[in-house]
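So you can see what is in the structure, the chains are spelled out below.
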Amino acid sequence: GSVDKGEYKHYMLKEIYEQPKVVHAAMEGRLGKDSVLEQAFGAGAGEIFDQVKQVQIVACGTSYHAGLVAKYWIEDLAGIPCMVEVASEFRYRRVVLPPGTLFISISQSGETADTLAALREIRDRVLASLTICNVPGSSLVRESDLCLMTNAGPEIGVASTKAFTTQLVALLQTTLVLGRRHGLKPETEARIVEELKQLPGLLERVLGLDPAIEKMSEAFAEKHHALFLGRGTLNPVAMEGALKLKEISYIHAEAYAAGELKHGPLALVDKDMPVVTVAPRNEMLDKLKANLQEVRARGGELFVFAGSSQAVEPEEGVQVLELPPVPGILEPIVYTVPLQLLSYHVAVLKGTDVDQPRNLAKSVTVE
Ligand code: G6P
């Protein structure tokens, strides 16, 4: 192919480091001074968005996690119902969709068999279809009414990284164009547009933490299990962090909404089960703290990605990695990056085939 790794040891690392640039590409020409320009979605987008009463998102794998983040955004900012489902379930069951449903598929490749089948299954029963996709001219792009390209450029590493963060940028733009029709204040949209413009710089700063994350990764190389916790939009980010670790380091990892810890996974926590927590804000951390104490009391080692190191008392068995202050809306995008780097370094330590993990394919075009 025409893409090479350049100075990087793996495509995955190169793609992680490309994120400041590609999130910029995912916004270029789409943001006005204080609003999202809806022409980017294709001809007739405005008239379609005017009629949307609810959203159904369908995707697989990492793209599904992007959809889960979007659910929080769409319900919070646009105040309309949003459902999210993996395509392999959605396509095979009787789905009930009220009038005014916008069907959104999310896909890096635009060729995932289940996602494409879900679109074909449903398209006559929805208001319109929109795909958030990275490959121009792919099947999902050709067959959907509207599309918003993620502009991440070719992604070679099987474990998706830059495709995910650019999907989130595109989904946030989608949330804003829907929101403005459902009471989202122009000043709120303007503020978020302003914050989006800070994203490339924030991601650069997080990449600067790579040496510290590499050091942290040593604690995982000998482990067989790991638990990831998050709340709110950081819950799907925890899911994505766990998926990355599974995919490339072959360590069994599970993600839980932090509040569910006490309903089961706490029973698994001991000194051999590291617990990774993404908790950018103090309010969130306050809630998490009780859970964290329970983890510590069982000898579990904690790794906290937080917005301020003051938030968690440094003590034995607790490592805190401080990220720069991040506008709340951007947290899921920014906090994804350290988790990508963590899995990458664990995989390198374990000597796995980072770009081509065993048994997995970049694009699953057959069922
Ligand atoms: C495969 C890839 C994943 C990807 C998923 C969905 O499992 O290994 O990285 O998230 O397919 O692919 P899509 O191209 O539809 O986003």
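If you look the chain up in an unreviewed UniProt entry, it shows as Glutamine--fructose-6-phosphate aminotransferase [isomerizing] from Marinobacterium nitratireducens. As recorded by UniProt, the Subcellular location (unreviewed entry) comment attached to the chain reads in full: "Cytoplasm". Recorded in UniProt under Function (unreviewed entry), the annotation for the chain is "Catalyzes the first step in hexosamine metabolism, converting fructose-6P into glucosamine-6P using glutamine as a nitrogen source."

1. A look at the packing of helix H4 (residues 61-78) against helix H8 (residues 162-179)
For any two helices packed against each other, one specifies the inter-axial angle together with the distance between the axes. Between H4 and H8, the shortest axis-to-axis distance is 9 Å and the interhelical angle comes to 25°. Put simply, H4 runs roughly parallel to H8. The way H4 lies across H8 gives a crossing that is right-handed. For the pair formed by H4 and H8, the contact residues are Thr-62, Ser-63, His-65, Ala-66, Val-69, Ala-70, Trp-73, Ile-74, Leu-77 and Ala-78 on the first element and Phe-164, Gln-167, Leu-168, Leu-171, Leu-172, Thr-175, Leu-178 and Gly-179 on the second. A breakdown of the residues in the contact of H4 with H8 according to their chemical character gives 12 nonpolar, 6 polar and no charged.

2. Side note on the site of the ligand
The ligand sits among 15 residues. The nearest are Gly-61, Thr-62, Ser-107, Ser-109 and Thr-112. Ranked by residue count, the leading element in the shell around the ligand is H4, at 3 residues. Considered class by class, the residues forming the shell around the ligand number 4 nonpolar, 10 polar and 1 charged.

3. Focus on the sheet that holds strand E7 (residues 252-257)
What the 5 strands build is an open sheet, ordered E7-E6-E8-E9-E10; its pairing is parallel. With partners counted over all chains shown, the strands left at the sheet margins are E7 and strand E10 (318-322), one partner each. Taking each pair of neighbouring strands and ignoring which way they run, the sheet shows an average axis angle of 20°. Where strand E9 (residues 302-306) and E10 come together, 5 bridges link them in parallel fashion. Directly across from Phe-305, in E10, lies its bridge partner Leu-321.

Here is what the cut-offs are and how they apply
Residues numbered from 1 in each chain as written. Predicted model: local features only at pLDDT ≥ 70, side-chain atom pairs only at ≥ 80, totals over all residues. UniProt positions renumbered as here; feature names shortened; annotations may be inferred. Axes fitted to C-alpha atoms, helices over the stretch in contact; angles between N-to-C directions. Helix = DSSP H or I, 4+ residues; strand = E, 2+ residues; numbered from the N terminus. Parallel < 35°, antiparallel > 145°, perpendicular 65-115°, else oblique. Left-handed = near helix turned anticlockwise from the far one by under 90°. Contact = placed C-beta atoms within 7 Å. Nonpolar A, V, L, I, M, F, W, Y, C, P; charged D, E, K, R; others polar. Near = placed C-beta within 6 Å. Pairing = 2+ DSSP bridges.

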